[in-house]
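Residue-level listing of the chains:
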Amino acid sequence: MERIRINELVIDKPAKIAGCIDILRNTKYMVFVILKDLTGVIQVSIDKGTQPTLTEEILKATPGSFISVWGVEKENPHVKLGGKEFIPSKIVVESVANELPVDANSFIDQRIDYRWVDLRTDKNTLIFEVQTLLVNKMREYLLQKDFLEIHTPKIIGAASESGSEVFELKYFDKKAYLAQSPQFYKQMAMAAGFDRIFETGPVFRAEKSYSNKHTTEFTGFDVEFSYIDNMYDVMHLEEELLTYALKAVKEKYGNKIKELYGKEVVVPTCPFPVMKLPDVYKELEKRYGMKFPDAVKGDLVTEAERKVEDLSKEMFNSEFLFITDYDASQRAFYHMRDKNGVPQGYDLIWRGCEITTGAQREHRYEILKKQAEEKGLGKDVEFYLEFFKYGVPPHGGFGLGVDRLTMLLLGITIKEAMFIFRGPQRLNP
RNA sequence: GGGCCAGUGGUGUAGCGGUUAACAUGUCACUCUGUCACAGUGAAGAUCGAGAGUUCGAUUCUCUUCUGGCCCGCCA
């Protein structure tokens, strides 16, 4: 008999179910097993008097053990767990668990050590159900617009942007690096005339960042497309994409997220508000009495970034805010600049955290080369500059942090939001 | 990389220059006419992160080290 999931059970219809024991109550005449699978929980009730064989088998098990149960679901109004119970005719204890080393109260670091046990809870599996939907809806949105999905190398021969924040590795008798971003390859695809592309895949950063939003390996969702007029075209695509995905998440998981994480999923409205960075500082100082030294104002410092959540809600009733007009010194050399030298790029802040950097790219070889040289990037980017010698259309794009998106959606930290977190001190499991 | 803080049974905490190292929860056993956060009784379980020092005596004080947390920086 094929195993079905608990939410597929039908009253009085014989079935096989299987899962993990949540609670095992052994009373004088009855054994009650709260069995859990990904879709729900059901009480399995064993009568010790009439089912001695099943009793013997089930008492080999412990909470956390995996079992298979054949039997029938019956209605029983006395059962507080949904008014239903499962009357077994056969039980197999598949795998017995030791006493579990973590519970919901354990610290996240301890929980990561035993992540496979930790992830068994509804609350934690929801993270990945939500992320699956989120990413697939973003993918779906782009596919509807005829984007190509590409897969770029993660082992690369030249440090991609600055050279300081990449992991070095041995590649036979040569040095290689782990890709810190698919940036150059995305643009290569533009040079190839691919027109519109996206990629979702791992990104590696050799930064010793200790915060609850940084990790050394994460999943990026990168988009690049051609024939744009300006960075606003890029922003427009991104806001549509996010709205589309968040709408789907709210419909399917909005209630469950509210229940388990206490977070409301707010579907944004387009267009998202846009502010120039100097105006953001001006408003923060004016409205909240904050003070920032001029020296930091070319970039968005953490304190300001957090407060942008309030600012954006207050000024625009929006959780999202696009910020433009960063100082050229703070931005990548490949961002196009206007005639005043202002980078034509933006960051997207959601709930007080940066989730995206996007830009119109500089596609004119001479200017691009000059901007690279200004940043002291000569040989490092030779391979990249080559693309632009043979014609590249005007284009732009952005990179979105999938793990940050998940984290912010649920109001948790990056360690909790990732299947397995990787940090400067965390290489296992 | 800089600043501050923490590490005590499986888990989460209390405590303190001399204690039988306390509590909750979990685990195990027995008891309990269907439980449902079951209940009751009992048991096991901690060389108090590691190393060195001060002291008659250190889990407690000092130093070193490891690990973690928070804040800053770096960014997605």
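On a predicted model such as this, the values are computed, not experimentally measured, just so you know. (Residues numbered from 1 in each chain as written. Chains lettered and ligands numbered in written order. Predicted model: local features only at pLDDT ≥ 70, side-chain atom pairs only at ≥ 80, totals over all residues. Heavy atoms only, no water.)

A. The overall build of chain A, seen in detail. Per the secondary structure count, chain A includes twelve helices and 16 strands. Projected onto the principal axes, the alpha-carbon positions of chain A cover approximately 85 × 60 × 40 Å. Counting the 429 residues in chain A, one finds 50% classified as buried. Total accessible area computed for chain A in this model is approximately 21,200 Å², and 51% of it derives from carbon and sulfur atoms. (Helix = DSSP H or I, 4+ residues; strand = E, 2+ residues; numbered from the N terminus. Buried < 20%, exposed > 50% of the residue type's maximum accessible area, 1.4 Å probe, protein only. Areas by Shrake-Rupley, 256 points an atom, 1.4 Å probe, with all protein chains shown as cover.)

B. Just the protein's contact with RNA strand B, in detail. Not every one of the 48 residues close to RNA strand B is listed here, only the nearest: Arg25, Ser209, Thr302, Arg404 and Lys415. Sugar and phosphate atoms form 55% of the subset of RNA strand B atoms that lie within 4 Å of the protein. A distance of 3.4 Å separates a sugar or linking oxygen of RNA strand B from a polar side-chain atom of glutamate 207. Between lysine 208 and RNA strand B, the recorded distance is 3.1 Å, taken from a side-chain N or O atom to a phosphate oxygen. Those elements that place two or more of their residues in the surface near RNA strand B are strand S1 (14-26), strand S2 (30-37), helix H2 (108-113), helix H8 (302-316) and strand S15 (353-360). Broken down by element, the surface near RNA strand B gets its largest block of residues, four residues, from S15. Of the residues belonging to the surface near RNA strand B, the class tally is 14 nonpolar, 17 polar and 17 charged. (Near = heavy atom within 4 Å. Polar contact = N/O pair within 3.5 Å; in protein donor to acceptor, adjacent residues only side chain to side chain. Nonpolar A, V, L, I, M, F, W, Y, C, P; charged D, E, K, R; others polar.)

C. Inspection of the pairing of S2 at higher detail. Across the eight residues that make up S2, a large majority, six, are buried. Relative to S2, S1 runs antiparallel, the two sharing six bridges. Bridge pairing links cysteine 20 to lysine 36 in S2. Examined bridge by bridge, S2 and strand S3 (residues 40-47) share eight bridges and lie antiparallel to one another. For isoleucine 34, the partnering residue across the bridge sits in S3 and is glutamine 43. Counting the residues that bridge the hairpin from S2 to S3 gives two residues. (Pairing = 2+ DSSP bridges.)

D. The arrangement of the sheet that holds strand S7 (residues 155-156) in detail. Overall, antiparallel pairing links the three strands, which are arranged S7-S9-S8 in an open sheet. The open sheet has two edge strands with one neighbour each: S7 and strand S8 (168-171). Pairing of S8 with strand S9 (residues 174-178) involves four bridges; the strand directions are antiparallel. Within S9, the residue paired with leucine 169 across the bridge is alanine 176.

E. The arrangement of the confidence of the model for chain A in detail. Residue-level pLDDT values for chain A average 92, and 99% of them are 70 or greater. The complex prediction reports pTM at 0.90, with the ipTM value standing at 0.85. (pLDDT = per-residue confidence, 0-100.)

F. Up close: the packing of helix H4 (residues 122-144) against helix H6 (residues 231-261). One can describe the packing of H4 onto H6 by two numbers: an axis separation of 9 Å at closest approach and a directional angle of 160°. Judged by the inter-axis angle, H4 sits roughly antiparallel to H6. Of the two elements, H4 crosses H6, and the hand of that crossing is right-handed. Of the residues assigned to the contact of H4 with H6, the class counts are 20 nonpolar, two polar and eight charged. (Axes fitted to C-alpha atoms, helices over the stretch in contact; angles between N-to-C directions. Parallel < 35°, antiparallel > 145°, perpendicular 65-115°, else oblique. Left-handed = near helix turned anticlockwise from the far one by under 90°.)

G. Structural view of the packing of H6 against helix H11 (residues 402-410). One way to put it is that H6 packs onto H11 with a least axis distance of 10 Å and a crossing angle of 45°. One way to sum up the angle between H6 and H11 is to call them oblique. Viewed along their axes, H6 and H11 form a crossing whose handedness is right-handed. Between H6 and H11, the residues in contact are Leu242, Leu246, Val249, Ile257 and Tyr261 and Leu405, Leu409 and Leu410, respectively. Residue composition of the contact of H6 with H11, grouped by class: eight nonpolar, no polar and no charged. (Contact = heavy atoms within 4.5 Å.)

H. Expanded view of H11. In terms of residue burial, H11 counts as a mostly covered element, since nine of its nine residues are buried. Glycine 411, located one to two residues past H11, shows a positive phi value of around 70°.

I. Structural view of the sheet that holds S2. Pairing within the closed barrel is mixed, and its five strands lie in the order S1-S2-S3-S5-S4. Along the sheet, successive strands turn relative to each other by an average axial angle of 55°, direction set aside. Across seven bridges, S1 lies against strand S4 (residues 66-75) in antiparallel orientation. Bridged to alanine 18 within S4 is serine 68.

J. Region of the structure containing unusual backbone geometry. The step from cysteine 270 to proline 271 runs through a cis peptide bond, and the omega angle for that step is -5°. Note that proline 271 resides in the loop between H6 and strand S12 (274-276). Omega for the bond connecting asparagine 428 with proline 429 falls within 30 degrees of zero, at 0°, which places this linkage in the cis form. Within the secondary structure, proline 429 sits in the segment after helix H12 (414-417). For aspartate 12, which is not glycine, the phi dihedral falls at a positive 70°. By the element assignment, aspartate 12 lies in the segment before S1.

K. Highlighting the pattern of salt bridges. Counted under the stated rule, the structure contains 36 salt bridges. Note that aspartate 279 is salt-bridged to lysine 282, the shortest N-O span being 3.6 Å. With aspartate 279 and lysine 282 both in helix H7 (residues 277-288) and three residues apart, the pair spans about one turn of that helix. Given a relative accessible area of 31%, aspartate 279 falls into the partly exposed group. On the basis of relative accessibility, which here comes to 55%, the residue lysine 282 falls in the exposed class. As a salt-bridge pair, lysine 286 and glutamate 283 come within 3.7 Å of each other at their nearest N and O atoms. In this pair, lysine 286 and glutamate 283 both sit in helix H7, three residues apart, roughly one turn of the helix. (Salt bridge = Lys/Arg side-chain N within 4 Å of Asp/Glu carboxyl O.)

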